[in-house]
Amino acid sequence: MESISRLKHTPLHALHLSLGARMVPFAGYEMPVQYHEGVLKEHLHTRAAAGLFDVSHMGQIAIRPRSGRIADAALALERLVPVDVLGLAEGRQRYALFTNDQGGILDDLMIANRGDHLYLIVNAACKAADFEHLQRGLGDSCLVTILNDRALIALQGPRAEAVLGELWADIASMRFMDVAEADLHDVACIISRSGYTGEDGFEISIPIASAVDVAQRLLEHPDVMPIGLGARDSLRLEAGLCLYGNDIDTETTPVEAALEWAIQKSRRSGGDRAGGFPGADRILAEFTDGASRRRVGLRPDGRAPVRGGVKLFADPEGTVAAGTVTSGGFGPSVDAPVAMGYVDTAHALSGTKLFAEVRGKYLPVTVSALPFIQQTYKR
Amino acid sequence: MLKFTEEHEWLKIDGGVATVGITEHAAGQLGDLVFVELPEVGATFSKGDSVATVESVKAASDVYCPLDGEIVEINQAIVDDPALVNSDPQGKAWFFKLKLADANSADALLDEAAYMELVG
């Protein structure tokens, strides 16, 4: 375990302690895994009202084109991601992937077009490597800056819109994946209508000096409860969203990971700007030929959770290997265990029965469509 | 007579049979339990064997056999409602009854004062 004294703190660290959070090491930071109410209640509260998450450990990066033309930054970034960045309208955001030459995934991220620059949000564990990757990959065409002076929070759940609207900002007109600037409590924030829970909600980038103030004001609202990493993980798992390092990594390709939807037509074979990103040969070939394995949802038939790392078999004796679970646990909103994993394509069809090796037993699981819950994005 | 282990099990010993559960401290650390797997009646275990499994939303944890013995009864109520372990860990949410191989073996375990000192 990482030494607790060497862990970095987010600007909200003292607030977490004052709220009674149980803190754990995560991606080099000391982060709240849960508060008093516990993971189960925090999870269900987020689905019923609004949960406040500190995601300040994630990296915020600005890419500014030296030419001043946003299209130049978009085209430069398209050399690193298999995503349509040029077609991303001002004030819009899009999910993306950094790929490597083998077609594996270096990180997943969000890209927003902020008019004069691109604004990226990347995973905490990858942010230093992503920054170097961007500097190398974009060359002299752009100025790449880590925004160390900003905190990041997420307000997620069906009451998120009403809470923000009551307190400060008329954000009802924002649609899923819109990005805008708004004053919250007289603080200039960048707000996107997005998140990683499967719920409607917002991610809010705040200047560090005002982060505690804004977070506290949100927490004073009766609908808002602070939510730790424990519930963040169960929420994103129910929503069928990948956790980098668990469900996707340098060994998994976007097609294997069932993330084809993140690669727009313009970047696929026959598109206006097909290929030209790392690993394009393999990734585009997999679009045509399919991959040998596939990320799928898994529903254990019983009550026993099936966790990441558990082996999957095609037969109840455990003789025919079928794949591996990458994320698994109990889904509080589903009220049942849920999991995701990679299976050989022959076993990837929804409804396929497989067997998970748990403590020497082979427990039946059913390949299932993702997500496990109804998403409520305001599209 | 109430005894405790350093692995956070409690034992209530009565006539060579120990009723075993996990402590309030352990239940609090584990968080909301969603699954409990108990041993079969008639199975024998040695001290330190993994004898049961509890799972929270986040993680699975072992429950260890506190002494050598044979399982003579299990508590189906916590299998049906794992949350009982969080709400009443040292009462209704006992795990199993263990017929001790050596009735005196419990003497070496912690008493309540020593256990409370251990968990601070």
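It should be emphasised that the depicted structure is a prediction, and the values quoted were computed from it without experimental measurement.

### Topic: the overall build of chain A
So, point 1. For chain A, the helix and strand inventory stands at 8 helices and 19 strands.
So, point 2. Against the globule reference of 21 Å for 379 residues, chain A gives a C-alpha radius of gyration of 21 Å, in line with a compact fold.
So, point 3. Expressed as lengths along the three principal axes of its C-alpha atoms, the size of chain A is roughly 65 × 50 × 40 Å.
So, point 4. Across the 379 residues that make up chain A, the buried fraction comes to 60%.
So, point 5. Long-range pairs, those at least 24 residues apart, make up 65% of the contacts in chain A with a sequence separation of at least 6.

### Some thoughts on helix α3 (residues 70–77) of chain A
Residues and elements named next belong to chain A.
So, point 1. Along α3, the positions that sit buried rather than exposed are Ala73, Ala74, Ala76 and Leu77. The buried residues of α3 occupy an angular sector of 165° when the element is viewed end-on, so they sit on one face.
So, point 2. The secondary structure elements touched by the buried residues of α3 are β4 (59–65), β5 (93–99), β6 (105–113), β7 (118–122), α4 (127–138) and β8 (142–146).

### Side note on the interface of chain B and chain A
So, point 1. Taken together, the 13 residues of chain B in the interface contact 18 residues of chain A.
So, point 2. Both sides of the chain B and chain A interface together cover about 1,300 Å² of buried area, and 49% of this is carbon and sulfur.
So, point 3. For the pair chain B and chain A, the interface holds 5 salt bridges.
So, point 4. When the shortest N-O distance is used, the salt bridge between Arg359 of chain A and Glu37 of chain B registers 3.2 Å.
So, point 5. Across the side of chain B that touches chain A, the residue classes break down as 5 nonpolar, 4 polar and 4 charged.

### Considering the confidence of the model for chain B
So, point 1. Across chain B, pLDDT averages 95, with 100% of residues at or above 70.
So, point 2. Across the predicted assembly, pTM comes out at 0.95 and ipTM at 0.88.

### Focus: the pairing of strand β7 (residues 60–64) of chain B
All names here are of chain B.
So, point 1. When strand β6 (residues 50–56) meets β7, the two strands line up antiparallel, connected through 5 bridges. Across the sheet, residue Val54 finds its bridge partner in β7, namely Ser61.
So, point 2. The hairpin formed by β6 and β7 contains 3 residues between the paired strands.

### Thoughts on the sheet that holds strand β15 (residues 311–313) of chain A
Residues and elements named next belong to chain A.
So, point 1. Strand order in the closed barrel made by the 6 strands is β14-β17-β16-β15-β18-β19, with antiparallel pairing throughout. Strand-to-strand twist in this sheet, taken as the mean axis angle between neighbours without regard to direction, amounts to 45°.
So, point 2. Note that strand β14 (residues 293–300) and strand β17 (residues 336–344) share 6 bridges and pair antiparallel. From the neighbouring strand, Val296 faces β17, where its bridge partner is Gly341.

### Describing the side chain of Asp200 of chain A
So, point 1. Here Asp200 of chain A lies in the loop between β11 (187–192) and β12 (201–207).
So, point 2. For Asp200 of chain A, the contacting residues outside a window of four places in its chain are Gln156, Gly157, Ala160, Glu161, Arg193, Thr376, Tyr377 and Lys378 of chain A.

### Observations regarding the nonpolar core
So, point 1. Counting 45 residues, the largest nonpolar core has Tyr95, Ile105, Tyr119, Ile248 and Leu259 of chain A as the members making the most contacts within it.
So, point 2. If we skip the residues at most four places from it in the chain, Leu259 of chain A touches Tyr95, Leu97, Ile105, Cys242, Ile248, Pro254 and Arg295 of chain A.

### Considerations on the packing of helix α2 (residues 39–48) of chain A against helix α7 (residues 229–238) of chain A
Residues and elements named next belong to chain A.
So, point 1. At a minimum axis separation of 8 Å, α2 and α7 run at an interaxial angle of 55°. Comparing their axes, α7 and α2 come out oblique. The hand of the α2/α7 crossing is right-handed. Between α2 and α7, the residues in contact are Val39, Glu42, His43, Thr46 and Arg47 and Gly230, Ala231, Ser234, Leu235 and Glu238, respectively.
So, point 2. Looking at the contact of α2 with α7 residue by residue, the classes come out as 3 nonpolar, 4 polar and 3 charged.

### Section: the packing of aromatic side chains
All names here are of chain A.
So, point 1. In the structure shown here, the tally under the stated rule is 4 aromatic pairs over all chains.
So, point 2. Measuring from ring centre to ring centre gives 4.1 Å for Phe176 and Tyr377, while their planes differ by 10°; the resulting arrangement is stacked. With a gap of 201 residues between them, Phe176 in the loop between α5 (160–167) and β10 (179–184) and Tyr377 in the segment after β19 (361–368) connect regions that are remote in the sequence. Grouping residues by exposure puts Phe176 and Tyr377 together as buried.
So, point 3. Ring centres of Phe313 and Tyr362 lie 5.6 Å apart, and the angle between their planes is 85°; on these two criteria the pair is classed as edge-to-face. One end of the pair, Phe313, is in strand β15; the other, Tyr362, is in strand β19, with 49 residues separating them in the sequence.
So, point 4. Using a relative accessible area of 11% as the deciding quantity, one classes Phe313 as buried.
So, point 5. Above the plane of the ring of Tyr342 lies Arg293, whose end atom (NZ or CZ) is 4.8 Å from the centre.

### Quick notes on the sheet that holds β10 of chain A
Residue and element names in this part refer to chain A.
So, point 1. Read across the open sheet, the 6 strands follow the order β10-β11-β12-β9-β3-β13; overall the sheet is mixed. What marks the edges here is a single partner per strand, and that holds for β10 and β13 (224–226). Adjacent strand axes in the sheet meet at a mean angle of 30°, parallel and antiparallel pairs treated alike.
So, point 2. As judged from the 6 bridges shared by β10 and β11, these two strands associate in the antiparallel manner. Bridge pairing links Asp183 to Ala188 in β11.
So, point 3. Most of the contacts of α2 go to β13, to which it runs at about 145°, and overall it touches β3 (50–54), β9 (150–156) and β13.
So, point 4. Here helix α6 (residues 208–219) sits on the sheet in contact with β3, β9, β10, β11, β12 and β13, set at roughly 145° to β12.

Criteria and thresholds
- Here the residue index of a chain counts from 1 through its sequence in written order.
- Chains carry letters from A onward and ligands carry numbers from 1 onward, assigned in written order.
- Whole-chain, interface and lining totals are the exception, using all residues; otherwise, since this is a predicted model, local features are given only for residues with pLDDT of at least 70 and side-chain atom pairs are given and counted only at 80 or more.
- Side-chain metrics in this entry use all non-hydrogen atoms of the structure; hydrogen atoms and water are not considered.
- The secondary structure listing takes helices from DSSP runs of H or I that are at least 4 residues long and strands from runs of E that are at least 2 residues long, numbered from the N terminus.
- Taken over C-alpha atoms, the radius of gyration is set against a globule rule of 2.2 Å times the number of residues to the power 0.38.
- Relative accessibility thresholds used throughout: buried, under 20% of the residue-type maximum; exposed, over 50%; partly exposed, between the two (1.4 Å probe, protein chains only).
- Two residues qualify as a contact provided that any one of their heavy atoms is within 4.5 Å of a heavy atom in the partner residue.
- It is the directions from the helix axis to the C-beta atoms that the arc portrays.
- Buried area: the accessible area, evaluated with a 1.4 Å probe, that two parts lose upon being put together, summed over both parts.
- What counts as a salt bridge is simple: a side-chain nitrogen of Lys or Arg found within 4 Å of a carboxyl oxygen of Asp or Glu.
- In this classification, the charged set is Asp, Glu, Lys and Arg, the nonpolar set is Ala, Val, Leu, Ile, Met, Phe, Trp, Tyr, Cys and Pro, and all remaining amino acids, among them Gly, are polar.
- The score called pLDDT rates the predictor's confidence residue by residue, from a low of 0 to a high of 100.
- Any two strands are treated as partners once DSSP identifies two or more bridges connecting them.
- Orientation is described by axes fitted as lines to C-alpha atoms, over the contacting stretch for helices, and by angles from 0 to 180 degrees between their N-to-C directions.
- To qualify as a nonpolar core, a set must consist of buried Ala, Val, Leu, Ile, Met, Phe, Trp, Tyr and Cys residues joined through side-chain atoms within 4.5 Å.
- Angle categories: roughly parallel below 35 degrees, roughly antiparallel above 145, roughly perpendicular from 65 to 115, and oblique for all the rest.
- For any helix crossing, the convention is left-handed if the near helix is rotated counterclockwise from the far helix by under a right angle, and right-handed if that rotation is clockwise.
- Aromatic rings from Phe, Tyr and Trp, with only the six-membered ring used for Trp, were paired whenever their centres fell within 6.5 Å, and each pair was classed as stacked if the ring planes differed by under 30 degrees, edge-to-face if by over 60, and tilted otherwise.
- Only lysine NZ and arginine CZ atoms are considered, and such an atom sits over a ring when it is within 6 Å of the ring centre and within 35 degrees of the ring normal.

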